[in-house]
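If you want the building blocks of each chain, they are given just below.
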Amino acid sequence: MQKCPGATLFALVIATGFATWVFSLIISHAVRIIIDEEGEASWILRFIFTILGYATVFLPCYVLIHLSRRHNLHTLGGCQWRLLRLILTGTTLETADETDSKISGTTRASNLESKTLYQKAISLTYCCVGLQISYLLWGILQEKIMTREYTDGDKIEQFTDSQFLVFVNRILAFMFSGIYLLLTHQNVHRTPLYKYSFCSVSNTLSSWCQYEALKFVSFPTQVLAKSAKVIPVMLMGKLVSRAQYKNYEYATAVLISVGMTAFLLGSGGDKKGNNVTTVSGALLLCGYLIFDSFTANWQSALFKEHKPSSIQMMCGVNLMSCLFTSASLVQQGGFFYSLSFASRHPVFIMDCLLTAISSALGQLFIFATISKFGPVVFTIIMTVRQGLSILLSCLLYKHHLSGMGILGVFVVFLAIFLRIYYAQQHKKRKLDAADVSASKV
């Protein structure tokens, strides 16, 4: 087979990146003429800039992968092709030992099946507590950064670059997971790096939408929207991984969403100034739900197909996220703005670091939960977290909780109980059917 020369390949990749960058600059100037940068719709402008920034990384990588596969360049020897093999196959080894991967995957599956209900409950509790603590802290800090006014003498400023916050969160998580991988023994990594890019883009865009939404809607409104996330996660699961759900799973998902909605509405009646909801805010929250639902399901599919560890998944996703967000920030001048803002407001640096640390810890628990229990269980945990945060607020600060709120709490826990009960019944029926089949043989 005729080989594509390496120099020609990388020249094409660089040319594609440069052409994409020039095209994005032209589009950016054209969009600025149409959309007012100071108006409510300015988030559309920032969203377009963000997508164009990601494209300057995504399109050259697509050309690299397409041509390398076409000409089998990743099978060539030499250190210059190791990175290419890592992108395409997930390992720098020239020949992959599939036996180790199959054994580790089978062992992991058998260990999961052999766990007792008590052991699963302990593991689930560990994931729940970790998610609650890390993301309760992250939510408080995120609202503080995006809504607080930082003072510098007589000058009052508000930070506006959501992309920079996403970048700080991702680069710290990448460093944390990378150092952990270097210091510990892990199974051979076999997930192609380019596959991380899809959930990386959706993950960064969901975080971006979440930060941007706080400019248009109140925090309780955002929490209310998140409470219905379990339904789009299940729908996205059918689309992404062709997941099959039982009727009781759909029913309990609706009950959880309805119960959380009733609880959040019932606990927020005495709050002032929480009804600021705009069309822009609603669209951004819809974007958050769609992107976040895709992220959880894509990661679950990667865990099933390539069986990476939670730390390997965390490192790969955040590596790609750093590439995408840094390209977008360089293109938009976000680094200069954010670092200038940080130099004027040292408190902002501490807020960013605490947010990034809580986000990194939260990601570790996210990947562990999805790999062990799947995206739907993870979403239910995060949905219940929304209610717990407001319930804790009601208990600490004596906020009024109406009858509707109490009813909502009851419905949520009833739905969770029903889900666990029917899941156990379904598992018992499968075991009984297997025993009957075995006895006939």
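Coordinates for the structure precede this section.
Definitions and limits used
- Residues numbered from 1 in each chain as written.
- Predicted model: local features only at pLDDT ≥ 70, side-chain atom pairs only at ≥ 80, totals over all residues.
- Heavy atoms only, no water.
- Helix = DSSP H or I, 4+ residues; strand = E, 2+ residues; numbered from the N terminus.
- Buried < 20%, exposed > 50% of the residue type's maximum accessible area, 1.4 Å probe, protein only.
- Contact = heavy atoms within 4.5 Å.
- Areas by Shrake-Rupley, 256 points an atom, 1.4 Å probe, with all protein chains shown as cover.
- Expected span 1.5 Å × (residues − 1).
- Core = buried A, V, L, I, M, F, W, Y, C linked by side-chain atoms within 4.5 Å.
- Phe/Tyr/Trp six-rings, centres within 6.5 Å; stacked < 30°, edge-to-face > 60°.
- Lys, Arg positive; Asp, Glu negative; His and termini not counted.
- Salt bridge = Lys/Arg side-chain N within 4 Å of Asp/Glu carboxyl O.
- Axes fitted to C-alpha atoms, helices over the stretch in contact; angles between N-to-C directions.
- Parallel < 35°, antiparallel > 145°, perpendicular 65-115°, else oblique.
- Left-handed = near helix turned anticlockwise from the far one by under 90°.
- Nonpolar A, V, L, I, M, F, W, Y, C, P; charged D, E, K, R; others polar.

### A closer look at the overall build of the chain
Line of reasoning, step 1. In terms of regular secondary structure, the chain is built from 16 helices and two strands.
Line of reasoning, step 2. Burial status across the chain gives 46% buried among its 441 residues.
Line of reasoning, step 3. The long-range share in the chain, meaning contacts at least 24 apart out of those at least 6 apart in sequence, stands at 84%.
Line of reasoning, step 4. As displayed, the chain offers around 22300 Å² of accessible surface, 69% of which is attributable to carbon and sulfur atoms.

### Overview of helix α14 (residues 346–373)
Given 3.6 residues per helical turn, the α-helix brings residues three or four places apart onto the same face.
Line of reasoning, step 1. Spanning 28 residues, α14 covers 41 Å between terminal C-alpha atoms, matching the ideal 40 Å at 1.5 Å per step.
Line of reasoning, step 2. Following α14 by one or two positions, G374 adopts a phi angle in the positive range, close to 95°.

### Observations regarding the environment of G287
Line of reasoning, step 1. Within the fold, G287 resides in helix α11 (residues 279–306).
Line of reasoning, step 2. Separated by 79 residues in sequence, G287 and W208 have C-alpha atoms that sit 9.5 Å apart.

### What to know about the nonpolar core
Nonpolar side chains tend to gather and get buried jointly when the protein is soluble and globular.
Line of reasoning, step 1. Counting residues in hydrophobic clusters, the biggest one holds 45 residues, and the most contacted among them are L131, L165 and F348.
Line of reasoning, step 2. Among the elements that make up this core, the one with the highest residue count is α14 (eight residues).
Line of reasoning, step 3. Setting aside residues no more than four positions away along its own chain, F348 makes contact with I145, Y150, F159, F164, L165, S338, F341 and A342.
Line of reasoning, step 4. One finds V230, V376, I380 and V412 within the second-largest nonpolar core, a separate group that totals 13 residues.

### Description of the packing of aromatic side chains
Line of reasoning, step 1. Evaluation of the coordinates by the stated rule reveals 17 aromatic pairs.
Line of reasoning, step 2. On the numbers, 5.5 Å between centres and 90° between planes, the contact of Y150 with F341 is edge-to-face. Within this pair, whereas Y150 is found in strand β1 (residues 150–152), its partner F341 is found in helix α13 (residues 334–344), the two being separated by 191 residues in sequence. The pair Y150 / F341 is uniform in exposure class, with both members buried.
Line of reasoning, step 3. Grouping aromatic residues by their ring pairs yields a cluster made of Y150, F159, F164, F167, F335, Y337, F341 and F348.

### Comments concerning the side chain of R170
Line of reasoning, step 1. Among the structural elements, R170 can be located in helix α6 (residues 162–183).
Line of reasoning, step 2. There is no salt bridge for the buried R170, and the closest opposite charge comes from D292, which lies 7.7 Å off by N-O distance.

### Section: the packing of α6 against helix α7 (residues 193–213)
Line of reasoning, step 1. One way to put it is that α6 packs onto α7 with a least axis distance of 9 Å and a crossing angle of 130°. Overall, the two elements α6 and α7 adopt an arrangement that is oblique. Read as a crossing pair, α6 and α7 show a hand that is right-handed. The residues of α7 that touch α6, namely those facing S162, Q163, L165, V166, N169 and R170, are N203, T204, S207, W208, Y211 and E212.
Line of reasoning, step 2. For the contact of α6 with α7, a count of residues per class yields four nonpolar, six polar and two charged.

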